[in-house]
Amino acid sequence: MEAMSLLQSFAIAKDGRVVSVEEVERGQACKCVCPSCRRPLIARQGDVRVWHFAHATGADCEGGAESALHVAAKTAIERACGITLPGLSVQRSVTLPDGRRGTGEASIPDTWVDFVTVRTEVNLGPVIPDVVGVTGSESYLIEVGVTHFVDQEKLAVLRGLGQPSVEIDLRGFDRESWDWAALEEIVVRGAAGKRWLFYPAEQALIAAATEQARSAAESMPEPKPIPPMRKAKPPRTRYWPDGRIVDVTDFPFGIALWSPYDAQFNEVVKGWCRVFGGRWQAAHKNWLFPLEAKPFLVAEIAKRQTRSPAIIT
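For the structure given in this document, a descriptive report is provided here. None of these values were measured; they are calculated from a predicted model.

**Some thoughts on the overall build of the protein chain**
Along its length, the protein chain carries six helices and 20 strands. A compact globule built from 313 residues should have a C-alpha radius of gyration of about 20 Å, whereas the protein chain, at 43 Å, is more than 25% larger. In terms of overall dimensions, the protein chain has C-alpha extents of about 130 × 45 × 35 Å along its principal axes. Across the protein chain, contacts joining residues at least 24 apart in sequence account for 57% of those joining residues at least 6 apart. If you sum the accessible surface of the protein chain, you get close to 18,300 Å²; carbon and sulfur atoms cover 52% of it.

Right under this line is the structure:
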């Protein structure tokens, strides 16, 4: 859905007040000017279109409607001498060394605050907030966004001041026209569209959420230790050729053949070594053959079998 075209709903009256199109006389009798270009306006109060201001020259200035809404929003805060501050919620998670994980949340609700004084466009040196509302002990910096919003550079400056700062985003409401009632409901009373740019106690909320997450993790049952995996023994088969014991073990790198010392049988194994490429391993006191030699070794042993082979575990 395409965004609505914003009509100019507010203007500057002859006495300098910000006024709505609904509270002035019709046409040029309104005696109003545009807050952006300061040129004369006329109040269009017909029966077909929504009431709005238009430039008397017939050519509206660029950004006039947005500028008028921006000025009116600041005026609404001045008139109310207070504002609803948005809530704030932070979530944190903690993972313990043993793998247990917990989450926590800490928040503050939407809160109304009364101002002792309200000033607009206050020069604070590095920044000029749209509105500064002062309570007995705190100054709240308020930014109103219609087409221009706080960028990262300005955000860093506001946070550096260390004062609570809020931005009101009017862009998302997508209205064709505004009046004082709508501004009071959204800009003053409501919390939708508002966000904290800097909340001084946010670190305390983060600490509380982190502690809650840690407690949640610690309340979980401790994980059972995983027993170390036993190293699998290579498969070993025992044969009895000519009544002798011969163990054949399968390794990833070859076939090991072992039997108690027997000079006569050793000569037989040496013959197999010459045929199948085996060799004696003095360190392990066995014979090592290539993997591909196993079928031939088993066949040779089978010729001398006196009983069925057995798997040794």
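**A look at unusual backbone geometry**
For cysteine 81, which is not glycine, the phi dihedral falls at a positive 50 degrees. In this structure, cysteine 81 sits in the loop between α1 (64-80) and β6 (82-85). For cysteine 81, a relative accessible area of 26% translates into the label partly exposed. Phi is positive for aspartate 174, close to 45 degrees, though the residue is something other than glycine.

**Regarding the nonpolar core**
If you look at the biggest cluster of nonpolar residues, it comprises 39 residues, and the most contacted ones within it are Phe10, Ile77, Leu170, Trp178 and Leu183. Of all the secondary-structure elements, those providing two or more residues to this core are β1 (10-12), α1, β6, β7 (88-95), β12 (139-145), β13 (165-169), α3 (180-189) and α4 (202-218). If one sorts the elements of this core by residue count, α1 sits on top with seven residues. When neighbours within four sequence positions are excluded, isoleucine 77 is seen to be in contact with Gly82, Ile83, Phe115, Val118, Val131, Ile142, Ile168, Val187 and Val188. With 16 residues, the next largest nonpolar core counts Tyr239, Val248, Val269 and Cys273 among its residues.

**Focus on α1**
Helix length check: α1, at 17 residues, gives a terminal C-alpha distance of 24 Å against a target of 24 Å (1.5 Å per residue), a fit within 8%. All buried positions along α1 are accounted for by Gly64, Ala65, Ala68, Leu69, His70, Ala72, Ala73, Lys74, Thr75, Ala76 and Ile77. Following α1 by one or two positions, cysteine 81 adopts a phi angle in the positive range, close to 50 degrees.

**Topic: the environment of isoleucine 206**
Residue position: isoleucine 206 is located in helix α4. By relative accessible area, isoleucine 206 is classed as buried at 15%. C-alpha separation for the pair isoleucine 206 and glutamine 91, spaced 115 residues apart in sequence, amounts to 7.5 Å. For isoleucine 206, the contacting residues outside a window of four places in its chain are Val90 and Arg92.

**Some points on the pattern of salt bridges**
Applying the stated criterion across every chain, the model contains 16 salt bridges. Across the pair glutamate 184 and arginine 189 runs a salt bridge whose closest N-O atoms are separated by 3.7 Å. Ionic pairing is found between lysine 294 and aspartate 250, a salt bridge with its closest N-O pair at 2.8 Å. With lysine 294 in helix α6 (residues 294-302) and aspartate 250 in strand β16 (residues 246-251), this residue pair connects regions lying 44 residues apart in the sequence. On the basis of relative accessibility, which here comes to 26%, the residue lysine 294 falls in the partly exposed class. Each of Asp242, Arg244, Asp262 and Arg304 takes part in salt bridges that share partners, so that together they form one network.

Basis of the calculations
Residues numbered from 1 in each chain as written. Predicted model: local features only at pLDDT ≥ 70, side-chain atom pairs only at ≥ 80, totals over all residues. Heavy atoms only, no water. Helix = DSSP H or I, 4+ residues; strand = E, 2+ residues; numbered from the N terminus. Rg over C-alpha atoms; globule rule 2.2 N^0.38 Å. Contact = heavy atoms within 4.5 Å. Areas by Shrake-Rupley, 256 points an atom, 1.4 Å probe, with all protein chains shown as cover. Buried < 20%, exposed > 50% of the residue type's maximum accessible area, 1.4 Å probe, protein only. Core = buried A, V, L, I, M, F, W, Y, C linked by side-chain atoms within 4.5 Å. Expected span 1.5 Å × (residues − 1). Salt bridge = Lys/Arg side-chain N within 4 Å of Asp/Glu carboxyl O.

Everything listed here is a matter of coordinates, which is why it stays silent on function.
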